[in-house]
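# Results of the structural survey
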Amino acid sequence: KAGVTQTPRYLIKTRGQQVTLSCSPISGHRSVSWYQQTPGQGLQFLFEYFSETQRNKGNFPGRFSGRQFSNSRSEMNVSTLELGDSALYLCASSLETRGPGTEAFFGQGTRLTVV
Amino acid sequence: DQQVKQNSPSLSVQEGRISILNCDYTNSMFDYFLWYKKYPAEGPTFLISISSIKDKNEDGRFTVFLNKSAKHLSLHIVPSQPGDSAVYFCAATDLTLGQNFVFGPGTRLSVLP
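Residues numbered from 1 in each chain as written. Chains lettered and ligands numbered in written order. Predicted model: local features only at pLDDT ≥ 70, side-chain atom pairs only at ≥ 80, totals over all residues. Heavy atoms only, no water.

By volume, the largest pocket is sized at about 1,000 Å³. What lines the largest pocket is a set of 40 residues, among which Gln 41, Gly 42, Leu 43 and Gln 44 of chain A together with Phe 103 of chain B lie closest to the centre. Every element with two or more residues in the lining of the largest pocket is listed here: β4 (31-38) and β5 (42-50) of chain A together with β9 (86-93), β10 (102-103) and β11 (107-112) of chain B. Ranked by residues supplied to the lining of the largest pocket, first place goes to β5 of chain A with four residues. Residue classes in the lining of the largest pocket are distributed as 18 nonpolar, 16 polar and six charged. The calculated volume of the second largest pocket comes to roughly 160 Å³. Lining the second largest pocket are Gly 3, Val 4, Ile 26, Phe 105, Phe 106, Gly 107 and Gln 108 of chain A together with Glu 42, Gly 43, Pro 44, Thr 45 and Phe 46 of chain B. Among the residues forming the lining of the second largest pocket, the class breakdown is six nonpolar, five polar and one charged. (1 Å grid on protein atoms, 1.4 Å probe; cavity = no way out; pocket = protein on both sides within 12 Å on 5 of 7 lines; lining within 4 Å. Points joined across faces, edges and corners; volume = space filled by probe spheres on them. Helix = DSSP H or I, 4+ residues; strand = E, 2+ residues; numbered from the N terminus. Nonpolar A, V, L, I, M, F, W, Y, C, P; charged D, E, K, R; others polar.)

We now examine the pattern of salt bridges. Working definition: two side chains of opposite charge can pair if their charged atoms are close together. Residue and element names in this part refer to chain A. Under the defined criterion, the tally for this structure stands at seven salt bridges over all chains. Salt-bridge contacts for Arg 63 lead to Glu 82; the nearest nitrogen and oxygen are separated by 3.6 Å. In this pair, Arg 63 is assigned in the loop between β6 (53-57) and β7 (64-68) and Glu 82 in the loop between β8 (74-78) and β9 (87-94), connecting sequence segments 19 residues apart. The exposure class of Glu 82 is partly exposed, given its relative accessible area of 43%. In the salt-bridge network here, residues are joined through shared partners; they are Arg 63, Glu 82 and Asp 85. (Salt bridge = Lys/Arg side-chain N within 4 Å of Asp/Glu carboxyl O. Buried < 20%, exposed > 50% of the residue type's maximum accessible area, 1.4 Å probe, protein only.)

A few words now on the interface of chain A and chain B. Every contact between the two is made by 26 residues of chain A and, on the other side, 20 residues of chain B. Across the chain A/chain B interface, buried area totals approximately 1,800 Å², and carbon plus sulfur atoms make up 57% of it. Contact with chain B buries area across many residues of chain A, yet Leu 43, Thr 102 and Phe 106 of chain A alone supply 25% of it, more than any other trio. There are zero salt bridges connecting chain A and chain B. Put simply, chain A and chain B have five residue pairs in polar contact (both at pLDDT 80 or more) between them. Of all the secondary structure elements, the ones that give two or more residues to the side of chain A that touches chain B are β4, β5, β6, β9 and β10 (105-106) of chain A. (Contact = heavy atoms within 4.5 Å. Buried area = accessible area lost by both parts, 1.4 Å probe. Polar contact = N/O pair within 3.5 Å; in protein donor to acceptor, adjacent residues only side chain to side chain.)

What the rule picks out here adds up to 13 aromatic pairs over all chains. Centroid distance Phe 105 of chain A to Phe 46 of chain B: 6.0 Å. Interplanar angle 65°. Geometry classified as edge-to-face. Here Phe 105 of chain A, found in strand β10, pairs with Phe 46 of chain B, found in strand β5 (residues 45-51), and the two come from separate chains. Phe 105 of chain A sits in the partly exposed class, given a relative accessible area of 33%. Ring geometry for Tyr 36 of chain B and Phe 103 of chain B: centres 5.7 Å apart, planes at 45°, overall tilted. Here Tyr 36 of chain B, found in strand β4 (residues 32-38), pairs with Phe 103 of chain B, found in strand β10; they are 67 residues apart in sequence, far enough to count as distant. Taking the relative accessible area as the measure of exposure, Phe 103 of chain B reaches 8% and is therefore buried. (Phe/Tyr/Trp six-rings, centres within 6.5 Å; stacked < 30°, edge-to-face > 60°.)

Moving on: the sheet that holds β7 of chain A. Residues and elements named next belong to chain A. The strand order across the open sheet built from four strands is β1-β3-β8-β7, with neighbouring strands paired in antiparallel fashion. Unpaired on one side and paired on the other, β1 (5-7) and β7 mark the two borders of the sheet. In this sheet, neighbouring strand axes are inclined to one another by 20° on average, regardless of whether the strands run parallel or antiparallel. Sheet topology note: the β1/strand β3 (residues 19-24) ladder contains three bridges and is antiparallel. Bridge pairing links Gln 6 to Cys 23 in β3. (Pairing = 2+ DSSP bridges. Axes fitted to C-alpha atoms, helices over the stretch in contact; angles between N-to-C directions.)

In structure tokens:
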């Protein structure tokens, strides 16, 4: 069974640009969450999508947005990039969202560098 | 304000001995807890989880203990192996809110041969 796939693995962008990251969840998983990992702040929750609807949102500015498609694939978009957006962006998928057995399986991440 | 704390940034253990990683949380609404292992430049790998209705869950060499009254959980690895060397993250969530996991800052475990 294929795991969570994130593309691209590495990305370099310039301040002010926008970026779109992609995530394909494990087959059958309908919940997709996004996390940002930085050395200073650790792993921080960005948002969760379930059945094409955003169900939860973390404490990030509106420049960070996402969406989920009918096949559960998800994209995350960051507009007007800032140097502080440089981070490892991780996508996680899970099967169940409301009970025990909820484990999030992570992809390898996209390393975004803003210069 | 950190809702999930891992007060030991690092831990060194001899191969074959027990590794004990600790985690404390402040939000009494958390009802599901997980441990992840992470290698550099990779995503976290799920290890083991525990629901708040239990106080212990075991999976092979990994056991997680939950003390709800103390808002404390721990991960025991027995016996520790060099391949266990990684950063370990504790995560917690209120399942009624869905997949919003709050992660601790991590503990770097080094298992010495």
